[in-house]
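# Commentary on secondary and tertiary structure
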Amino acid sequence: MRLHHASDILLATCICISTVQGLRLLSSTTLGQDSSTVNRLNGESFQQDATVTFNNYQYAVFWTADVANTSIRQASVSRRSLKPVSSWETFKLTDYNQTEDDGHDVISLGISQGDGTLHIGFDQHDNPLNYRSSQKNVATHPQNVNWSSSIFGPTLDHLPGLESLDKSVYFINITYPRFLNIPSATKGEGADLLLELRVGRSGLGDDWLYRYVPNEGWKQIGRYLEGVNNNAYINGLDFDSRGVLHTTWTYRDYVNDTGQDVAVEAGPNGPENNHDMDYSYSPDAGYTWYNNWNQQIANTSAQVPIVPVSAGITVFSIPKYGGILNQEAQTIDSEGRVHVLNRENTTGIEQWYHYWRSTTTDWTRTPLPLPADLPSANNITGTPTVIGKRGKLVAALGTLYAILPSNAPNSTALSIIGSTAVGQFRDWRVLWEASEGCVAEPLFDRYRLLYDGVLSLFLVNGSAVQVVDFDF
């Protein structure tokens, strides 16, 4: 498949895009107005997920401002039929007001394919759990559902099924809720949905896993990453085609910040204290964990988590002040190769880097080519900064796609570049570019890719939240 750069065109939806051979625009639709905040509440790299496809329907979650008071945000939940294609239906959950202008406080969505319940975690930055779920069969029998806020239960500060757990220990100081469907190939003990949470704070935190069993409730898997005067920031959680769970992360060391205001940003516990690129995998949906050399290093059932000194977890040593950012991107391709996108300044300039694990478990680390070797209208690979907008990786049809938002000052440009296994993922080419229209971090619907092969991007263009669909 040959793809080449084409000229930009302007959509009525205010996103400038270019259509290229092999990457064809299908549609661009607006979910609603973006929230009026200084810090992004829609479109953050750790939002897993903002869009989810299941059973011929696509679902989306996002914050919108209250009509009467824009300093208050409320969760909007949308759906649309994909076969036949319909317009978005949207309702607001008006019984919960989000008031903190804090970019951590995103909404993440998960769907149980077993009992059709929708699950959301939201408004989380070192505070008690905010969780709610829908009635059963909402997603399994969508044609029978009156799409309104009445389908959701109340906001809870615990997970149903785990009422016996001490909330002051397990469900306090929560950040970064992530959901992930458990594939049938995995030994999930009847569960079909994972939830990952950080308990603690920047520089001092642990990561916990829970599994949802349809028609029963949540069960605890346990703490799988324990911070020791630091915390792990994962790039993502992904299952491969064999049902093995993979994660990669960087550590952030703790700096005493007593008496400083760290409510919104990390303060002295910022990305300058990030270091290393680490990796582990689990063959049983999070109970036991192994390093790259297939040595068991953790067992959550025995309360033995991964710790910073666990054997063999660091695949690339990157020093503090080395420019690596937290929570950028990872994906798994159809052959089981693990791909990570992050950035470093270890050569003297900040560059995006691609780290990947081969089918023979060897790791490779290469910088994305600079503009002199990969010219683009957006000068895209020359723009990354240590705290700039983070990108995403997508693997499809033998190609690895890097979705890169410009980090240049005041730029809202977006580019997609691609490389192949045949070229050892060094043959990067610019495939698609937008000169404007991406003010937040781009997200994509991982389940839509599996459903019908469509690349469905979740983008914020400065005023509206949009879903832009392409096929390959």
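Scroll up to find the structure this text is about.
Residues numbered from 1 in each chain as written. Predicted model: local features only at pLDDT ≥ 70, side-chain atom pairs only at ≥ 80, totals over all residues. Heavy atoms only, no water.

Spatially, β8-β9-β11 is the arrangement adopted by the three strands of the open sheet, whose pairing is antiparallel. Looking along the sheet, the strands with just one partner apiece sit at the ends: β8 (107–111) and β11 (131–133). Adjacent strand axes in the sheet meet at a mean angle of 20° when their direction is disregarded. Here β8 runs beside strand β9 (residues 118–122); their pairing, made up of five bridges, is antiparallel. The residue of β9 that forms the bridge with leucine 109 is isoleucine 120. (Pairing = 2+ DSSP bridges. Helix = DSSP H or I, 4+ residues; strand = E, 2+ residues; numbered from the N terminus. Axes fitted to C-alpha atoms, helices over the stretch in contact; angles between N-to-C directions.)

So, on to the environment of isoleucine 332. Locating isoleucine 332 in the fold gives a position in strand β22 (residues 329–332). Taking the relative accessible area as the measure of exposure, isoleucine 332 reaches 12% and is therefore buried. When the C-alpha positions of isoleucine 332 and proline 409 are compared, they lie 32 Å apart, and in sequence the two are 77 residues distant. Apart from residues no more than four positions distant in its own chain, isoleucine 332 is found in contact with Asp238, Phe239, Asp240, His246, Arg337, Val338 and Ala395. (Buried < 20%, exposed > 50% of the residue type's maximum accessible area, 1.4 Å probe, protein only. Contact = heavy atoms within 4.5 Å.)

What follows deals with the sheet that holds strand β27 (residues 399–405). Ordered in space as β26-β27-β28-β29, the four strands form an open sheet in which the pairing is antiparallel. This sheet does not close on itself; its edge strands, each paired only once, are β26 (392–396) and β29 (429–434). Each neighbouring strand pair of the sheet contributes to a mean axis angle of 20°, computed without reference to strand direction. Where β27 and strand β28 (residues 414–420) come together, seven bridges link them in antiparallel fashion. Of the residues in β28, the one forming a bridge with proline 405 is leucine 414.

Time to look at the environment of glutamate 44. On the secondary structure map, glutamate 44 appears in the loop between β3 (24–33) and β4 (51–54). Distance from glutamate 44 to glutamate 328, taken between C-alpha atoms, is 9.5 Å for residues 284 residues apart in sequence. Looking at glutamate 44, its side chain comes within polar contact range of the side chain of arginine 390, at 3.1 Å. (Polar contact = N/O pair within 3.5 Å; in protein donor to acceptor, adjacent residues only side chain to side chain.)

Look at the link from glutamine 48 to aspartate 49: it is a cis peptide, with omega at 5°. Note that aspartate 49 resides in the loop between β3 and β4. Of note, tyrosine 176 is a non-glycine position whose phi angle comes to about 60°, a positive value. Locating tyrosine 176 in the fold gives a position in strand β12 (residues 174–181).

Summed over all chains, the structure comprises 24 aromatic pairs. With a centroid separation of 6.1 Å and 25° between ring planes, the pair formed by tyrosine 353 and tyrosine 355 is classed as stacked. Classification of tyrosine 353 by relative accessible area gives buried; the value is 6%. Taking 5.4 Å as the distance between ring centres and 70° as the angle between the ring planes, the aromatic pair formed by tryptophan 432 and phenylalanine 470 counts as edge-to-face. Taken as a pair, tryptophan 432 in strand β29 and phenylalanine 470 in strand β32 (residues 464–471) lie far apart in primary sequence, 38 residues in all. Tryptophan 432 gets classed as buried once you look at its relative accessible area, which sits at 1%. Taken together, the ring pairs in this structure connect Tyr279, Tyr281, Tyr290, Phe316, Tyr353, Tyr355 and Trp363 into an aromatic cluster. (Phe/Tyr/Trp six-rings, centres within 6.5 Å; stacked < 30°, edge-to-face > 60°.)

Residues Leu118, Trp147 and Ile306 are the most contacted members of the largest nonpolar core, which totals 48 residues. If sequence neighbours within four positions are ignored, leucine 118 has contacts with Tyr59, Val77, Leu109, Gly110, Ile111, Arg132, Ser133, Ser134, Val138, Ala139, Trp147 and Phe152. Counting 19 residues, the second largest nonpolar core, distinct from the first, contains Ile403, Leu414, Ala434 and Phe444. (Core = buried A, V, L, I, M, F, W, Y, C linked by side-chain atoms within 4.5 Å.)

On to the pattern of salt bridges. Opposite charge on two side chains permits pairing when their charged atoms draw close. Under the counting rule described, the total for this entry stands at 21 salt bridges. The residue arginine 446 makes a salt bridge to aspartate 49 at a minimum N-O spacing of 3.1 Å. Taken together, the residues arginine 446 in helix α2 (residues 446–452) and aspartate 49 in the loop between β3 and β4 connect sequence positions 397 residues apart. In this structure, arginine 446 and aspartate 49 share a single accessibility class: buried. Of the charged contacts in the structure, one is a salt bridge between arginine 446 and aspartate 238, with a shortest N-O distance of 2.9 Å. Of this pair, arginine 446 sits in helix α2 while aspartate 238 sits in strand β16 (residues 230–239), and the two are 208 residues apart along the sequence. (Salt bridge = Lys/Arg side-chain N within 4 Å of Asp/Glu carboxyl O.)

Tracing the chain through its elements places asparagine 326 in the loop between β21 (314–316) and β22. Given the relative accessible area of 7%, asparagine 326 is considered buried. Within the structure, the side chain of asparagine 326 is placed 2.8 Å from the side chain of glutamine 327, a separation counted as a polar contact. Other than its neighbours up to four places away in sequence, asparagine 326 contacts Tyr233, Thr250, Arg252, Pro271, Asn274 and Arg390.

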